[in-house]
Amino acid sequence: MEDNTDRLHNLLLEVAQLLRADWPDWSRGLATFGQRLMEAGTDRDARQRVVRDALGLYRQGMGGFQDIVLQRDGSVLPEQRQLGRLRSLLFEELQGQLAGEPL
């Protein structure tokens, strides 16, 4: 059975993989959150820092994580729907792992 750390780690890496070709900086940033989560191991405080930092992705203004569009030659790619779904799942997972702290 997958624990919360693995689920969050896998979501971060899945989004990073999806963004790799067209948004490499965002891809590396999300992969870094995944790496930090794994390095935190079972250290609750360290994991909570990663979760809070990753939630910051959803607080950015124009040009932020929520504004990423997967497109080529002026056309939105079919993968955009998957990105939207993964962004939502990632946000829900991050919120769920935030130990009762206010957003």
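Everything that follows concerns the structure shown earlier in this document.
Right, let's walk through the structure included here.

Basis of the calculations
Every chain begins its residue count from 1, and numbering advances along the sequence as written. Only residues with pLDDT of at least 70 are given local features in this predicted model, and only at 80 or more are side-chain atom pairs given and counted; all residues enter the totals for whole chains, interfaces and linings. Each side-chain value is derived from all of the structure's non-hydrogen atoms; neither hydrogens nor water enter the calculation. The helix and strand labels rest on DSSP assignments: H or I over at least four residues marks a helix, E over at least two residues marks a strand, and numbering proceeds from the N terminus. Both definitions apply: the radius of gyration is a C-alpha atom measure, and the globule rule equals 2.2 Å times residues to the power 0.38. Note on definitions: a residue-residue contact is assigned when non-hydrogen atoms from the two residues lie within 4.5 Å. Per-residue and other accessible areas follow the Shrake-Rupley method at a 1.4 Å probe size, with only the shown protein chains counted as cover for residues. Within this scheme the basic residues Lys and Arg register as positive and the acidic residues Asp and Glu register as negative, but His and the chain ends are omitted. One atom stands in for each charge, and that atom is NZ of Lys, CZ of Arg, CG of Asp or CD of Glu. Throughout this description, buried means an accessible area under 20% of the type-specific maximum (1.4 Å probe, protein chains only), exposed means over 50%, and partly exposed covers the range between. We count a salt bridge whenever a side-chain nitrogen from Lys or Arg sits within 4 Å of a carboxyl oxygen from Asp or Glu.

Moving on: the overall build of the protein. When you go through the protein residue by residue, the secondary structure sums to four helices and two strands. Its helices and strands taken in sequence order, the protein reads α-α-α-β-β-α from the N to the C terminus. The C-alpha radius of gyration of the protein comes to 14 Å, within 12% of the 13 Å expected for a compact globule of 103 residues. In terms of its C-alpha atoms, the protein occupies a principal-axis envelope of roughly 45 × 25 × 25 Å. Long-range contacts, defined as pairs at least 24 residues apart, comprise 62% of the intrachain contacts of the protein with a sequence gap of at least 6. Accessible surface, the protein as shown: approximately 6,300 Å² in total, 49% of it carbon and sulfur. Where the 13 positive side-chain charges of the protein centre and where its 16 negative ones centre are 2 Å apart.

The next subject is the side chain of His-9. Structurally, His-9 can be placed in helix 1 (residues 4–19). Its relative accessible area of 15% is what places His-9 among the buried residues.

Close approach of charged atoms allows side chains of opposite charge to pair. Counted according to the given criterion, the structure contains four salt bridges. Glu-93 is paired through a salt bridge with Arg-7; the nearest N and O atoms lie 2.9 Å apart. Remark: Arg-7 occurs in helix 1 and Glu-93 occurs in helix 4 (residues 79–97); sequence separation between them is 86 residues. The partner of Arg-28 in a salt bridge is Asp-25, with the nearest N and O atoms 2.3 Å apart. With a gap of three residues between them, Arg-28 and Asp-25 both fall in helix 2 (residues 24–40), about one helical turn apart.

Bear in mind that shape data such as this cannot, by itself, settle questions of function.
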